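# Structure at a glance
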Amino acid sequence: MKAEKLHALELSLTIGCKVDCIYCPQKLLLNRYYSERKDRKNKLSFEDFKIALDKVQAGATISFCGMSEPFLNERCADMICYAYEKGYKISLLTTLVGMTMEDFNKIKTIKFDSFVLHIPDEEGHSKFEITGEYRKLLESVNKTIDIDYYSCHGNVNSLIQDIIDKEKYAGIALGNRAGNLEGFEKMSTYKNGRIACYHGSEAQVGGWAPVMFPDGSLVLCCQDYGMKHVLGNLITQSWLEICEGEEYKKFKNGLTDDTIDILCRTCGDAVKVEDLPAMQLKKIISDIRLGKKEQNFSDDMNDLLQRFVAAENVCVFGIGKLWRDHFYQEYWHEGLEVTVFSDNNPELYGTHFNGIECVKPSELGKYQNLLVVLFVKNGDSIISQLNNMGINNCILIGEIDKKCRVLQKVKKKSMTK
């Protein structure tokens with residue numbers, strides 16, 4: 001199944017970043033970007049931004065981050081506001097470098113899907129100028145915007161410790177940028193077999209998105225500083241045209257064929273498919289059905305497993321953003337053994353996804369021994385809706401994922417003993 005538009009997009013609004021973090025291979029990126037043409041655009045124009053945005057699915061996430069500080073492009077705030085007004089979800093990772101109070105006033109009422117604030121470290125791994133103006137801006141952002149967490153590669157700089165909320169501080173471990181960070185290449189380990197992208201925190205996994213540069217060039221992801229995989233150009237091509245391109249096909253085939261050299265094979269965010277929560281669940285359920293000896297699971301886990309074992313039909317309810325970002329990427333399509341889809345959106349009724357039909361909620365009653373997995377973040381209203389229809393066997397995908405993660409941790413511990 002190929003979508004006509006992108007499911008998510010990350011933007012690098014400039015090429016070259018004055019913050020010049022020690023863990024960000026800017027030299028590699030600059031050399032590669034300008035190797036073919038010295039006159040390539042170094043800032044994304046507002047008009048080109050609008051062209052690219054129109055090629056992303058409505059309601060999808062637009063991430064302002066990429067390989068440089070987004071506010072080094074003076075139109076960043078305008079782009080954020082424009083995308084938000086168009087109904088897109090907005091994710092922002094910023095150092096505030098380049099942001100002005102005028103910019104802040106433009107974006108301060110936006111309900112960000114994610115807002116990560118990169119703050120100065122004591123060791124000087126990032127080049128911040130901690131001026132009175134910066135402190136004022138930091139205080140304003142901190143008081144007004146709901147920050148997910150602070151990113152800081154080192155100890156928090158003493159000059160801003162009085163401003164930040166210490167409970168939101170996250171000491172982010174230094175990665176090797178999939179082997180692209182000079183001096184850290186040996187951190188890479190080659191992953192064999194089928195792999196999947198598991199980028200982000202436990203609350204944000206599955207959100208793989210390509211990164212667009214100022215001239216429209218689309219690279220694989222935010223780790224592709226060496227531009228190993230240039231998928232196409234989102235300004236001059238459609239997403240379908242890019243999907244038909246050789247580089248995109250190479251990437252997709254490389255996820256299953258470990259003889260194909262793709263960046264993901266040395267990336268810390270890639271995991272073996274067999275270790276994904278969905279596939280762990282599938283294996284355990286299969287073992288139970290085959291009569292193999294069960295492990296010692298908690299009562300909650302046993303209840304979950306038995307619900308799947310007893311189900312003749314599994315329905316995934318909710319064909320929205322969460323489904324688009326996670327269902328196929330994290331192999332839930334295999335792990336849940338889905339037989340039917342459903343949603344409250346009439347436009348989806350009668351459509352098929354990989355041969356599985358999406359039906360009206362009112363038709364679910366005809367499916368025997370049905371288990372409904374809600375692919376939504378908050379499913380209280382849908383559970384009530386289904387309960388009123390006599391469908392009581394419902395569970396949120398988040399609950400399933402959480403229980404499967406516990407299994408992974410237990411498995412890892414047992415393997416290290």
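Predicted model, so just to flag it, every value in this text is computed and none were measured. (Residues numbered from 1 in each chain as written. Predicted model: local features only at pLDDT ≥ 70, side-chain atom pairs only at ≥ 80, totals over all residues. Heavy atoms only, no water.)

Right, let's talk about the confidence of the model for the protein for a bit. For the protein, mean pLDDT is 89; residues scoring 70 or higher make up 91% of the total. A low-confidence stretch, residues 412-417 stays under pLDDT 50, and its non-local contacts, those more than four residues away or across chains, total 0 contacts. (pLDDT = per-residue confidence, 0-100. Contact = heavy atoms within 4.5 Å.)

Once that is clear, we can look at the sheet that holds strand β15 (residues 356-359). With mixed pairing, 6 strands are arranged side by side in an open sheet as β14-β15-β13-β12-β16-β17. The open sheet has two edge strands, β14 (352-353) and β17 (394-396), and neither has a second partner. As paired elements, strand β16 (residues 370-374) and β17 share 3 bridges and run parallel to each other. Of the residues in β17, the one forming a bridge with L374 is L396. Helix α12 (residues 380-388) rests against β12 (313-317), β16 and β17 of the sheet, and its axis sits at about 160° to β16. (Pairing = 2+ DSSP bridges. Helix = DSSP H or I, 4+ residues; strand = E, 2+ residues; numbered from the N terminus. Axes fitted to C-alpha atoms, helices over the stretch in contact; angles between N-to-C directions.)

Turning our eyes to something else, we now look at the environment of K321. Structurally, the position occupied by K321 is in helix α10 (residues 321-326). Apart from residues no more than four positions distant in its own chain, K321 is found in contact with G59, A60, T61, K89 and D113.

Okay, the side chain of Q57 next. If you trace the backbone, Q57 turns up in strand β2 (residues 56-64). On the accessibility criterion, Q57 (16% relative accessible area) is buried. At a separation of 2.7 Å, a polar atom in the side chain of Q57 contacts the side chain of R324. If we ignore the near neighbours within four places in the chain, the residues touching Q57 are A3, K5, L6, H7, Y88 and R324. (Buried < 20%, exposed > 50% of the residue type's maximum accessible area, 1.4 Å probe, protein only. Polar contact = N/O pair within 3.5 Å; in protein donor to acceptor, adjacent residues only side chain to side chain.)

Another point: the environment of S298. Inspection of the secondary structure assignment puts S298 in the loop between α8 (277-289) and α9 (299-310). Using a relative accessible area of 44% as the deciding quantity, one classes S298 as partly exposed. The sequence separation of S298 and D257 amounts to 41 residues, and the corresponding C-alpha distance is 36 Å.

Side chains of a nonpolar character, in soluble globular proteins, are inclined to be buried together. Counting residues in hydrophobic clusters, the biggest one holds 85 residues, and the most contacted among them are F64, I80 and I107. When residues in this core are grouped by element, the largest group, 6 residues, is from helix α3 (residues 76-85). Judged by nonpolar contacts, the second largest core, of 31 residues, contains M301, F308, W323 and I397. (Core = buried A, V, L, I, M, F, W, Y, C linked by side-chain atoms within 4.5 Å.)

Given 3.6 residues to a turn, an α-helix orients residues that are three or four positions apart in the same direction. With 13 residues, helix α5 (residues 132-144) extends 18 Å from end C-alpha to end C-alpha; this agrees with the ideal 18 Å at 1.5 Å per step. Taken together, the buried positions of α5 are occupied by Y134, L137, L138, S140 and V141. Down the axis, α5 shows its buried residues gathered within 160° of arc, on one side only. Residues of α5 that are exposed and point over 90 degrees away from its buried face: G132, K136 and K143. Summarising the contacts, the buried residues of α5 are in contact with α4 (101-107) and β4 (114-118). (Expected span 1.5 Å × (residues − 1). Arc of directions from axis to C-beta.)

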